[in-house]
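Analysis of the macromolecular model
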Amino acid sequence: MYYKVVSIRYGKKVSLMTYNLAPSFVLTYESGQWVKPKIGKVFILDDLEEARAYLNTLAHYPREAWECEAENVYSVAGIPMPTHNPRIMAFYWQSGFIHAHPVVTGDILVADRIKLTRRIA
């Protein structure tokens, strides 16, 4: 089972990694629809308790946690730092310029695309 934590911005479920980018690069989610980012991969979790812990670190944002399906899941050493510049974000993904996740203690997982299936929090 995989999990995705999303932020709610302007009534839409959006990626915390991309919400600072130009609107054409912001990754938005709808339940039951496959979503693939224009830049990089989708950060997901495979532990419900880590998903809840991550959700709780974002208390200043409206947010939700979802179960999701994911394709081509693999572990990475860290995640890119959020940025306002899509070219910098692409560089981060391509070059491995990453940092450890502040909450995830196990493997950091990414996927090529995901589909939200059921809201859990």
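Residues numbered from 1 in each chain as written. Predicted model: local features only at pLDDT ≥ 70, side-chain atom pairs only at ≥ 80, totals over all residues. Heavy atoms only, no water.

**Observations regarding the pairing of strand β1 (residues 2–9)**
Of the pairings in the sheet, the one linking β1 to strand β6 (residues 63–71) comprises six bridges and is antiparallel in character. Following the sheet pairing, valine 6 is matched in β6 by glutamate 64. In this structure, β1 lies alongside strand β2 (residues 12–14), joined through three bridges in antiparallel fashion. Across the sheet, residue isoleucine 8 finds its bridge partner in β2, namely lysine 13. Between the antiparallel neighbours β1 and β2 lie two residues, among them tyrosine 10 with a positive phi of about 55 degrees. (Pairing = 2+ DSSP bridges. Helix = DSSP H or I, 4+ residues; strand = E, 2+ residues; numbered from the N terminus.)

**Focus: the packing of aromatic side chains**
Enumeration according to the criterion identifies one aromatic pair in this entry. A centroid spacing of 5.8 Å and a plane angle of 80 degrees characterise the contact between phenylalanine 43 and tyrosine 54, whose relative ring orientation is edge-to-face. Linking phenylalanine 43 in strand β5 (residues 42–44) with tyrosine 54 in helix α1 (residues 48–57), this pair joins segments that are eleven residues apart in sequence. The buried category is assigned to phenylalanine 43, whose relative accessible area is 9%. The aromatic ring of phenylalanine 25 is capped on one face by lysine 38, whose charged end is 5.8 Å from the ring centroid. Lying across the ring of tryptophan 34, arginine 113 places its NZ or CZ 4.3 Å from the centre. (Phe/Tyr/Trp six-rings, centres within 6.5 Å; stacked < 30°, edge-to-face > 60°. Buried < 20%, exposed > 50% of the residue type's maximum accessible area, 1.4 Å probe, protein only. Lys NZ or Arg CZ within 6 Å of the ring centre and 35° of its normal.)

**Things to note about the environment of isoleucine 39**
Note on placement: isoleucine 39 falls in the loop between β4 (34–35) and β5. Separated by twelve residues in the primary sequence, isoleucine 39 and leucine 27 place their C-alpha atoms 9.3 Å from one another.

**Considerations on the sheet that holds strand β3 (residues 28–29)**
Read from one edge to the other, the open sheet built from six strands follows the order β3-β2-β1-β6-β9-β4, with strand pairing classed as antiparallel. One side of each edge strand has no neighbouring strand; the edge strands of this open sheet are β3 and β4. Two elements, β6 and strand β9 (residues 113–119), share six bridges in a ladder whose sense is antiparallel. Residue pairing across strands places glutamate 67 opposite arginine 118, the latter belonging to β9.

**Let's talk about the confidence of the model for the chain**
For the chain, the average pLDDT comes to 83, and 80% of its residues sit at 70 or higher. The lowest-confidence element of the chain is helix α2 (residues 86–95), averaging 70 in pLDDT; the highest-confidence one is β9, averaging 98. (pLDDT = per-residue confidence, 0-100.)

**Here we look at the nonpolar core**
Grouped together as the largest cluster of nonpolar side chains are twelve residues: Val6, Leu27, Tyr29, Val35, Val42, Ile44, Trp66, Cys68, Leu109, Ala111, Ile114 and Leu116. Within the second largest apolar cluster, eleven residues are counted, among which are Tyr54, Leu58, Ala65 and Ile108. (Core = buried A, V, L, I, M, F, W, Y, C linked by side-chain atoms within 4.5 Å.)

**Regarding α1**
Residues lying three or four places apart along an α-helix face the same way, a consequence of the helix completing one turn every 3.6 residues. For α1, the set of buried residues is Glu50, Ala51, Tyr54 and Leu55. Seen from one end, α1 has its buried residues packed into an arc of 140 degrees, which puts them on one side. Exposed and oriented more than 90 degrees from the buried face of α1 are Glu49 and Asn56. Where α1 starts, the residue carrying a side-chain oxygen 3.0 Å from the main-chain nitrogen of glutamate 49 turns out to be aspartate 47. (Arc of directions from axis to C-beta. Polar contact = N/O pair within 3.5 Å; in protein donor to acceptor, adjacent residues only side chain to side chain.)

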